[in-house]
Amino acid sequence: MKREFVTGKLSECPSYNYDVIIIGMGAAGLYAALSIDKSCNVAILNKYSEEESNSINAQGGIATVRLSDDCLENHIRDTLKAGAGLCNEEAVNVLVSESNAEIERLIEIGVPFDTENGRLCLSREGAHSHDRILHCGGDATGYHLTVTLLKEVKKRENIKIFNNLMLCDIITDDKGNAAAISVIDKNNEFLIYAQNIIIATGGIGHLYRNSTNSVCCTGDGIAAAIRAGANIDNMEFVQFHPTALIHPDLSMKFFLISEALRGEGAILLNRKGERFMLKVHPLAELAPRDIVSRAIISEMKQNDLPCVYLDISFKGRDFLKKRFPKIYEECMKRGIDIAFNWIPVIPVQHYFMGGITTDLWGRTNINGLYACGECSCTGVHGANRLASNSLLECLVFGRRCALNINGRQTVKAGKLNLPSKNKTKNIYDWQTYRSTIKDLMTKQGGIVRNKEGLKQAEEEISLYEKNLSACRLNSAAEIETLNMASVSVKILQGALNREQSVGAHFRKD
Ligand SMILES: Cc1cc2nc3c(=O)[nH]c(=O)nc-3n(C[C@H](O)[C@H](O)[C@H](O)COP(=O)(O)OP(=O)(O)OC[C@H]3O[C@@H](n4cnc5c(N)ncnc54)[C@H](O)[C@@H]3O)c2cc1C
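Residues numbered from 1 in each chain as written. Predicted model: local features only at pLDDT ≥ 70, side-chain atom pairs only at ≥ 80, totals over all residues. Heavy atoms only, no water.

Student: Lay out the overall build of the chain with the relevant residues and their values.
Tutor: Looking only at helices and strands, one finds 14 helices and 21 strands in the chain. The C-alpha atoms of the chain give 22 Å as radius of gyration, which agrees with the globular expectation for 509 residues (23 Å, within 12%). If you line up the chain on its principal axes, its C-alpha atoms span 65 × 50 × 40 Å. Across the 509 residues that make up the chain, the buried fraction comes to 61%. If you take every contact in the chain between residues at least 6 apart in sequence, the share linking residues at least 24 apart comes to 74%. In the structure as shown, the chain presents an accessible area of about 19,800 Å², 48% of it carried by carbon and sulfur atoms. (Helix = DSSP H or I, 4+ residues; strand = E, 2+ residues; numbered from the N terminus. Rg over C-alpha atoms; globule rule 2.2 N^0.38 Å. Buried < 20%, exposed > 50% of the residue type's maximum accessible area, 1.4 Å probe, protein only. Contact = heavy atoms within 4.5 Å. Areas by Shrake-Rupley, 256 points an atom, 1.4 Å probe, with all protein chains shown as cover.)

Here it is as structure tokens:
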């Protein structure tokens, strides 16, 4: 088994001991931490800071069935349909049937869902047949959710938070059980021992040039799990969001223009003001995301346009300021008055359906190793995610990981498989590798794919992975680059192997 370490002498590193380690402080990691028995010592870590996650940026909301004209079967049907026949139906049943209990728990700890006349407000998003999206602060659901969960976590004496500490590797013992992780803090390396390890490291957005994702999303947890021998699944399924704001100051992280705008009636227009989605799909702007994304790309290509436009100006200023305060403000900051102007948008990478394979309790094939949230593949999303099902997945399966750990008998750890050899070879030009990975993934592993392009990208990035693996990696950025290469290769291989288009995976050939 290959592993990358900064010093190569892990046995000499300082170490800590916990009952449970949770890697990631987004919705999945935080909710799992809150559901762990208070008698367990828990370490929870993030790579950069408490403000850097996809969860904190989530806008639209959380899907759940609340109204009497809707029912669990409808939500299940919509989820299966979006997943294009590749969902795990059992996992979808769990997701939907446990949704309301999780929402009640969130209300109990103070998550401020929007209400009107004392009743929860529900909106609709693409491919949902009913109004069932709960939101907070209009379009600031992720912020309110994360801040509330974090406040609760900080009250718990059994949970220790480590900020700015990066997971490098997951270490198993000689019996194959999860036993420890190695982490890097600036340039020092540590070991943290625990027999229960939850990976909740989020998505992979920064494998691509354009993404809505937080900069922390470089697929680290997935890459570390692969190195430790965990199974992965559905790697070819990457979701592109059709509408991200295009503006010169948004090159690192694109600002999302939530699907909820289209749910409220926003329409997509080309430069001539033509509503092109009408001829593409019966649901027009509310068609599944992959269909809208491809239609936009085709419209841009055909007419040589840098973007298309979203128009919601007809809703009026008062409504827009109240319902979409964050989007209103972010656009206004850039000189776009959404009550008056069309919003220039392009499709960008947004969500990852694939990841570390888990069962219904978040368990991987490695004893003691769990995964939840966007880095996991529970099977609920199949080939494409239904909008606002992902925060729900973080809650339902984050809690399920914790419940399983609470009831688990741990056995004494075996001897650790620590590496014995130092790697001395100097690092290649990792900045160039990193930049080329993003270019290749955007061009060949993006919205529209073909065999030749996938193969070329796979061969080139495999070479980077091999070169980086042979080197001593000295910094978090270098380890991230190796992780980006490893996960990219798996996405490209998945896309090559799946020759037919399905869901978010589209092969032009
Ligand atoms: C702009 C935007 C809007 C969205 N809107 C919605 C929505 O309205 N509804 C919905 O359901 N979904 C939405 N999504 C998707 C949803 O937000 C994510 O799928 C979900 O928040 C993922 O949560 P998570 O806990 O798995 O990961 P994240 O919230 O991304 O958290 C990942 C954590 O892992 C840590 N981490 C990563 N690598 C390492 C490492 N090597 N070492 C240590 N820590 C590490 C990070 O620091 C971070 O704390 C949106 C996504 C985006 C980007």
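From this point, things continue past the structure.
Student: Tell me about the sheet that holds strand 16 (residues 267-269), and please be specific about residues and values.
Tutor: With antiparallel pairing, 5 strands are arranged side by side in an open sheet as 15-14-18-17-16. Both edges of this open sheet fall to strand 15 (255-256) and strand 16, since each of them pairs with a single strand only. In the sheet, strand 14 (residues 238-245) pairs with strand 18 (residues 343-352) via 6 bridges, with the strands oriented antiparallel. Residue pairing across strands places Gln239 opposite Tyr351, the latter belonging to strand 18. (Pairing = 2+ DSSP bridges.)

Student: Which residues make up the environment of Gly503, and what values do they have?
Tutor: Residue position: Gly503 is located in the segment after helix 14 (476-497). The exposure class of Gly503 is buried, given its relative accessible area of 16%. The spatial distance from the C-alpha of Gly503 to the C-alpha of Ala266 is 24 Å, given a sequence separation of 237 residues. Leaving out residues up to four positions away in the same chain, Gly503 has contacts with Ala84, Asp290, Arg294, Ala383 and Asn384.

Student: Tell me what's going on with the nonpolar core, and back it up with residues and numbers.
Tutor: Core analysis: the largest hydrophobic core is formed by 61 residues, its most contacted members being Leu45, Ile170, Ile181, Ile199, Ile204 and Ile491. With 10 residues, the top contributor of residues to this core is helix 14. Counting 51 residues, the second-largest nonpolar core is a separate cluster that includes Leu34, Ala58, Val96 and Ile198. (Core = buried A, V, L, I, M, F, W, Y, C linked by side-chain atoms within 4.5 Å.)

Without other data, these values stay purely geometric and don't point to any function.
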